[in-house]
Number of protein chains: 2
Amino acid sequence: MSVLVVGTTALDSIKTPAKANPRLLGGSASHAAVAASFFAPVKLVGCVGEDFPAKYISLYRRHGIDLAGLQLLPGKTFHWSGEYEVNMNHRRTLATELGVIETFQPKLPEAYLDAQFVLLANIAPALQLSVLGQLRKPRFVVADSMDLWINIALADLVRLLKRVDGFVLNDGEAQLLTKEDNLFLALKKIHQLGPEYVIIKKGSHGSVLSGPKGIFLCPAYPLSCVEDPTGAGDSFVGGLMGYLSAARGPVGKNIRRAMVYGSVTASFCCEGFGLNGTTRTKRAEIEKRVKQLEKLTRF
Amino acid sequence: MSVLVVGTTALDSIKTPAKANPRLLGGSASHAAVAASFFAPVKLVGCVGEDFPAKYISLYRRHGIDLAGLQLLPGKTFHWSGEYEVNMNHRRTLATELGVIETFQPKLPEAYLDAQFVLLANIAPALQLSVLGQLRKPRFVVADSMDLWINIALADLVRLLKRVDGFVLNDGEAQLLTKEDNLFLALKKIHQLGPEYVIIKKGSHGSVLSGPKGIFLCPAYPLSCVEDPTGAGDSFVGGLMGYLSAARGPVGKNIRRAMVYGSVTASFCCEGFGLNGTTRTKRAEIEKRVKQLEKLTRF
């Protein structure tokens, strides 16, 4: 079954202590869609401006991503520019130019309306709600978000959370949203906002799922070299939803392995700038790291 | 088989945002010895002053800890006083009164000299070396340390690392020692200093082992309430060494489970002030959490 992914499609200019790379393909939807494409067909919902390089359209196509929902709008593509500190754990936004995303109104093609697995990747919660409102009967909807929306669009986010099956956020965002330092108490508070499944991402420390079958502690794949962690969280949730939509049986049975596949896909993302690490990966390499993670965590 | 534990025996005055508790039993050797005592007989090497409360001697005895190596010296017991911040992740030392520990010269009783499993818990590396030098033919020696010794006694610590089988430290200390931010590169650098087994502790994020059989990612038991994390790292390595010394077969076969047992023992430590959380625990409760951790990490 296919996954519908809505989110930002952006050009990212990323500086790390080692390198600087201008105007790479980025955005939550790009990272999530490419990650999901290893496991299932993907339908993309987003918008780009007239400056969007044709080579990135080709990149999407090489990953078999359905672009019927990608709007080409007059103006410039969303551009984000940021810098990582020495230890890659903190990043600083240098510039955000919204461009066409400022007036973006998602309008789903007819062929998208019966989507079953839906990933509302990080974008304004009002836009996530707009997409959700157009869908006929989605089976499993997961939303991602970021600190910005908790700070400036909390009411929309809270409305969204009442309507999704799963919510993914990082530990800092969980603390910001719940005012709770303890991760397991934060998980309980987020469930009270609506989602049956809540996943808190902890970067290189892995992630934690809380769902109807309790807690799952998901490991991160050990990396000796992180070239650029931008998009790792999006790749995680993209891989997770791709795996889930392709797996047989109920979500509750598959979601742990889906997280591990998401975690491994994110590990490849970290090993290159922008999408370079992810796009040079093959499904067989993902399988290999999943098997390694089994061995690395067995006791 | 028994474990020999050397380290500090202290009185700890601990403030957290919720409570303050003066002069509780603490110190690396106290936490490690009690943790190890759930799994194996323990021989303690340390020193206390004339102010050391008799009730704490009784506490050691209730845990079957052999006190032939505990010296009662004229003067005051080592006293540490510290305060935790709101989120329990950062602590501040308010006062350190060395007392009798300043002139402590460990002298092992004859019955200790053939100890096989030896835990050099956190104390000055010169004292750890002194104990190690008195042992006839130890089978498996693990050292713990702290940032203080990396800063003020690095030469001693480096000498020590050449002579131990295992070294345990936390992520901040690993970074301080190796000047390396990436944990897996830090592990490699620490192996080059001598130890065959290196374990980096990451608090609530678990711990990582690097040994001859590769990497093991050890989970932390999920806690909704951390009352006082003081001594958790000592409890971890104490539980680990206790389990290892009681297990049959080679260290390489048992060390993963030993870490999980150490991790669970440390979780009980965090649930009470000082040693209160650990001492009210029973072996059966440890087994229960180990089983739970298996379920929480399976995929």
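Everything below is about the structure printed above this text.
Please read all numbers here as calculations on a predicted model, not as lab measurements.

Description of the side chain of Ser210(A)
Residues and elements named next belong to chain A.
Here's step 1: Its location among the elements puts Ser210 in strand 12 (residues 207-211).
Here's step 2: Among the polar contacts listed, one links the side chain of Ser210 to the side chain of His191, at a separation of 2.7 Å.
Here's step 3: The residues touching Ser210, leaving out its near neighbours within four places in the chain, are Leu187, His191, Glu196, Tyr197, Val198 and Ile215.

Observations concerning the sheet that holds strand 3 (residues 20-26) of chain A
Consider a sheet: its strands pair through backbone hydrogen bonds, and that pairing is either parallel or antiparallel.
Residues and elements named next belong to chain A.
Here's step 1: The sheet built from four strands is open, its strands ordered 3-2-6-7 with mixed pairing. Of all the strands in the sheet, just strand 3 and strand 7 (91-97) have a single pairing partner and so form its edges. When strand polarity is set aside, the average angle formed by the axes of neighbouring strands in this sheet is 20°.
Here's step 2: One ladder, built from five bridges, connects strand 2 (residues 10-15) with strand 3; its direction is antiparallel. Its bridge partner being in strand 3, Asp12 is matched across the sheet by Leu24.

Re the interface of chain A and chain B
Here's step 1: Facing 30 residues of chain A, the contacting portion of chain B comprises 30 residues.
Here's step 2: Of the roughly 2400 Å² buried between chain A and chain B on both sides combined, carbon and sulfur atoms contribute 61%.
Here's step 3: Its largest share of buried area at the contact with chain B, chain A owes to His205(A), Leu217(A) and Phe299(A), together 30% of the area lost on that side.
Here's step 4: Linking chain A with chain B are zero salt bridges.
Here's step 5: Counting across the interface, chain A meets chain B through twelve residue pairs in polar contact (both at pLDDT 80 or more).

As for the side chain of Glu173(B)
Here's step 1: Structurally, Glu173(B) can be placed in helix 6 (residues 171-178).
Here's step 2: Buried Glu173(B), no salt bridge; nearest opposite-charge side chain is Lys201(B), N-O distance 5.3 Å.

Reading the values: the criteria
- Residues numbered from 1 in each chain as written.
- Chains lettered and ligands numbered in written order.
- Predicted model: local features only at pLDDT ≥ 70, side-chain atom pairs only at ≥ 80, totals over all residues.
- Heavy atoms only, no water.
- Helix = DSSP H or I, 4+ residues; strand = E, 2+ residues; numbered from the N terminus.
- Polar contact = N/O pair within 3.5 Å; in protein donor to acceptor, adjacent residues only side chain to side chain.
- Contact = heavy atoms within 4.5 Å.
- Pairing = 2+ DSSP bridges.
- Axes fitted to C-alpha atoms, helices over the stretch in contact; angles between N-to-C directions.
- Buried area = accessible area lost by both parts, 1.4 Å probe.
- Salt bridge = Lys/Arg side-chain N within 4 Å of Asp/Glu carboxyl O.
- Buried < 20%, exposed > 50% of the residue type's maximum accessible area, 1.4 Å probe, protein only.
- Lys, Arg positive; Asp, Glu negative; His and termini not counted.

Worth remembering: the numbers are spatial, not functional.
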